[in-house]
Amino acid sequence: VLAILFWLIPVPALLAEWTQVMEESSDATQTAFEHINSAFQAHGAPVDSLRVRTASRPGEGHREYLELRRGHFSGYLSCFAHEHDLYVGWTFWLHMSPLRLLMMVIGRNLQDVTSRGDGIYRSLRFESTRALVAAMHGAALAGIDAASSEPDPVGPQRGRETAIDMNFRVG
């Protein structure tokens, strides 16, 4: 039974992530999140579902994040206050069972052998998925722009990227 479940249950795999911390900008959290949400929806990126979710962790309070799903992919855009700073980031995930992955590998090898899957087809196969990641990144940047345009009584805000990995490969 466990072996069957292993082959059938989808496993999440992190494909890409990006984060930025804006120092001394925690007051702009709600403004930034609203702009992230509206900017992503303005992109008109094709998704199966898009919703605002709330999560809470012990000692950290409630946080809102934007969850999107498209096929086997999901993305999460988050924006929250961390001490006095504002954290904005996104992660992009693939959810696939080991059996489906094995079937994809076999199918692609058959395409290569029969010359049905040329290089251009392979590179374009996930182009819409890369566009979805770009829309997520653009929405996160719109939230940062909105937060940085809010007046700050303390002083100027400084942003700092803490991680970036937008080059990913699926399949």
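Definitions and limits used
Residues numbered from 1 in each chain as written. Predicted model: local features only at pLDDT ≥ 70, side-chain atom pairs only at ≥ 80, totals over all residues. Heavy atoms only, no water. Helix = DSSP H or I, 4+ residues; strand = E, 2+ residues; numbered from the N terminus. Buried < 20%, exposed > 50% of the residue type's maximum accessible area, 1.4 Å probe, protein only. Areas by Shrake-Rupley, 256 points an atom, 1.4 Å probe, with all protein chains shown as cover. pLDDT = per-residue confidence, 0-100. Contact = heavy atoms within 4.5 Å. Pairing = 2+ DSSP bridges. Phe/Tyr/Trp six-rings, centres within 6.5 Å; stacked < 30°, edge-to-face > 60°. Lys NZ or Arg CZ within 6 Å of the ring centre and 35° of its normal. Patch = residues over 30% accessible without salt bridge, like charges linked within 9 Å, V, L, I, M, F, W, Y side chains within 5 Å. Salt bridge = Lys/Arg side-chain N within 4 Å of Asp/Glu carboxyl O. Axes fitted to C-alpha atoms, helices over the stretch in contact; angles between N-to-C directions. Left-handed = near helix turned anticlockwise from the far one by under 90°.

**Student:** Break down the overall build of the protein for me, citing the residues and quoting the values.
**Tutor:** Secondary structure assignment for the protein yields five helices and six strands. Put simply, the protein runs from its N terminus to its C terminus through helices and strands in the order α-β-α-β-β-β-β-α-α-α-β. Taking all 171 residues of the protein together, the buried fraction comes to 35%. Approximately 10,400 Å² of the protein is accessible, and the part contributed by carbon and sulfur atoms is 57%.

**Student:** Quick rundown of the confidence of the model for the protein? Include the residues and the values.
**Tutor:** Residue-level pLDDT values for the protein average 85, and 85% of them are 70 or greater. Below a pLDDT of 50 lies the segment residues 162-171, which in the model reaches 25 contacts outside its immediate sequence neighbourhood of four places, other chains included.

**Student:** Could you give an account of the pairing of strand β3 (residues 61-70), naming the residues involved and the relevant values?
**Tutor:** With nine bridges joining them, strand β2 (residues 49-57) and β3 adopt antiparallel strand pairing. Paired with Val52 across the two strands is Leu66, which belongs to β3. Hairpin connection from β2 to β3: three residues lie between these consecutive antiparallel strands, with Gly59 at a positive phi of about 80°. Here β3 hands over to strand β4 (residues 73-82) after two residues, with Gly71 in that stretch at a positive phi of 60°.

**Student:** Requested: an account of the packing of aromatic side chains, with residues and values cited.
**Tutor:** Following the criterion strictly, the structure yields five aromatic pairs and no others. Measuring from centroid to centroid gives 6.1 Å for Phe73 and Phe126, while their planes differ by 80°, and the two rings are edge-to-face. With a gap of 53 residues between them, Phe73 in strand β4 and Phe126 in the loop between α4 (119-124) and α5 (127-149) connect regions that are remote in the sequence. Taking relative accessible area as the criterion, Phe126 reaches 15% and is therefore assigned buried. Chaining the aromatic ring pairs together yields one cluster made of Phe73, Phe92 and Phe126. Sitting over the ring of Phe80, Arg63 keeps its end group 3.6 Å from the ring centre.

**Student:** Could you give an account of a nonpolar patch on the surface, with specific residues and numbers?
**Tutor:** On the surface, a cluster of nonpolar side chains totalling about 860 Å² of accessible area is made up of Ile4, Phe6, Trp7, Leu8, Leu99, Leu102, Met103, Ile106 and Leu110. Mapped onto the fold, Met103 is located in helix α3 (residues 98-113).

**Student:** Lay out the environment of Ser38 with the relevant residues and their values.
**Tutor:** Residue placement: Ser38 occurs in helix α2 (residues 29-43). For the pair Ser38 and Ala139, spaced 101 residues apart in sequence, the C-alpha separation works out to 8.0 Å.

**Student:** So what about the packing of α2 against α5? Which residues, and what values?
**Tutor:** In contact at an axis separation of 7 Å, α2 and α5 are set at 145° when each is read in the N-to-C sense. Seen along the crossing, α2 lies across α5 with a hand that is right-handed. Of α5, the residues touching α2 (which contributes Thr31, Ala32, His35, Ile36, Ala39, Phe40 and His43) are Leu132, Ala135, Met136, Gly138, Ala139, Ala140, Ala142, Gly143, Ala146 and Ala147.

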